[in-house]
Amino acid sequence: MPSLVGSEMCIRDRSAISLFSGCGGSDLGLLAAGIQPIWANEVRESACELYQHVTGLKSIVCRDVADVTKFPEAEILAGCYPCQGYSQAGRRRGDDDGVNYLYREFDRALRQMRPLGFIVENVDGMRFSQNRRLLKNQLHRFRLAGYNVSWAILNARDFGVAQERRRLFVVGTRSSERIKFSFPEPTHGPG
């Protein structure tokens, strides 16, 4: 079984679509890894304008992802659905708030597209007891969609970013590809 270790995966020159794209930070990461975002989606007009400025890409569609009926084909699906319900900072939204379930739209896109793999980035608060069932539901859905799924908490400081920022990453590879994914080891630390 081939191994897929962090960004060492043969993903250069691959295409991606990006959901819940915000101002484009995650898509800058895709570009840096040699992955071309060919289509992006964000609901907020101001974020769509900033996305174009930050990434230099004109591929963003500014509308509610629930209104998208057909997603383009791409090899990678990336997304960072809103995290107000999971965040440990600020005012949390209640369990009945629909924003807590936007991962279902990501799952819908995943099942329609059937990409080689996907990447989800979110706050680490998703792993704590009050939100754990939502994380488990996401992992279950993605596995039922036919993906080998791994998740980990990575801290930006361990990879050379000058801030303490823990984020939860969920990575999936299509089960039929028989690829084992491993998260990267920290590149920075004491000394």
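Now for a look at the structure at hand.

Reading the values: rules and limits
- Residues numbered from 1 in each chain as written.
- Predicted model: local features only at pLDDT ≥ 70, side-chain atom pairs only at ≥ 80, totals over all residues.
- Heavy atoms only, no water.
- Helix = DSSP H or I, 4+ residues; strand = E, 2+ residues; numbered from the N terminus.
- Buried < 20%, exposed > 50% of the residue type's maximum accessible area, 1.4 Å probe, protein only.
- Contact = heavy atoms within 4.5 Å.
- Areas by Shrake-Rupley, 256 points an atom, 1.4 Å probe, with all protein chains shown as cover.
- Pairing = 2+ DSSP bridges.
- Axes fitted to C-alpha atoms, helices over the stretch in contact; angles between N-to-C directions.
- Core = buried A, V, L, I, M, F, W, Y, C linked by side-chain atoms within 4.5 Å.
- Patch = residues over 30% accessible without salt bridge, like charges linked within 9 Å, V, L, I, M, F, W, Y side chains within 5 Å.
- Salt bridge = Lys/Arg side-chain N within 4 Å of Asp/Glu carboxyl O.
- Phe/Tyr/Trp six-rings, centres within 6.5 Å; stacked < 30°, edge-to-face > 60°.

1. Some details on the overall build of the chain
Right, so step 1: Helix and strand counts for the chain come out as four helices and nine strands.
Right, so step 2: The linear arrangement of helices and strands in the chain, starting from the amino end, is β-β-α-β-α-β-β-α-β-α-β-β-β.
Right, so step 3: Buried residues in the chain amount to 45% of all 191 residues.
Right, so step 4: In the chain, once contacts between residues fewer than 6 apart in sequence are set aside, the share between residues at least 24 apart is 63%.
Right, so step 5: When the accessible area of the chain is evaluated, it comes to approximately 10,100 Å², of which 50% is carbon and sulfur surface.

2. Let's talk about the sheet that holds strand β7 (residues 147–155)
Right, so step 1: A sheet is described by the order of its strands in space; here seven strands give the open sequence β4-β3-β2-β5-β6-β8-β7, paired in mixed fashion. Two strands lie at the open edges of the sheet, namely β4 (60–62) and β7, each paired on one side alone. Taking the axes of each pair of neighbouring strands and ignoring which way they run, one obtains an average angle of 15° across the sheet.
Right, so step 2: Relative to β4, strand β3 (residues 35–42) is paired through three bridges, and the arrangement is parallel. Counterpart to glutamate 42 in the pairing with β4 is cysteine 62.
Right, so step 3: Along the sheet, helix α2 (residues 45–55) contacts β3 and β4; its crossing angle with β4, the most-contacted strand, is approximately 165°.
Right, so step 4: The sheet contacts of helix α3 (residues 103–113) involve β2 (14–19), β5 (76–79), β6 (117–123) and β7, and relative to β5 the element is tilted by about 175°.

3. Some words on the nonpolar core
Right, so step 1: With 28 residues, the main nonpolar core has Leu19, Phe71, Leu77, Phe106, Phe118 and Phe142 as its most contacted residues.
Right, so step 2: Those elements giving two or more residues to this core turn out to be β2, α3, β6, α4 (129–144), β7 and β8 (166–174).
Right, so step 3: Looking at which element gives the most residues to this core, the answer is α3, with five residues.
Right, so step 4: Excluding its chain neighbours within four sequence positions, the residues that come into contact with phenylalanine 118 are Leu77, Phe106, Leu110, Phe142, Tyr147, Val149, Val170, Val171 and Gly172.

4. Quick notes on a nonpolar patch on the surface
Right, so step 1: A surface patch of nonpolar side chains, amounting to about 210 Å² of accessible area, comprises Leu28, Leu50 and Val54.
Right, so step 2: Structurally, leucine 28 can be placed in helix α1 (residues 25–32).

5. Things to note about the packing of aromatic side chains
Given two aromatic rings, their pairing is described by the distance between the two centres and the angle made by the two planes.
Right, so step 1: Within this structure, the stated rule accounts for 10 aromatic pairs.
Right, so step 2: With 6.2 Å between their ring centres and 50° between their planes, tyrosine 101 and tyrosine 103 make a pair best called tilted. Note on accessibility: tyrosine 101 and tyrosine 103 belong to one class, buried.
Right, so step 3: A network of ring pairs unites the aromatic residues Phe20, Tyr81, Tyr101, Tyr103, Phe106, Phe118, Phe142 and Tyr147 as a single cluster.

6. Some thoughts on the side chain of asparagine 155
Right, so step 1: With respect to the helices, strands and loops of the structure, asparagine 155 is situated in strand β7.
Right, so step 2: For asparagine 155, a relative accessible area of 3% corresponds to the buried category.
Right, so step 3: Residue contacts for asparagine 155: discarding those within four places in its chain leaves Gln163, Glu164, Arg165 and Arg166.

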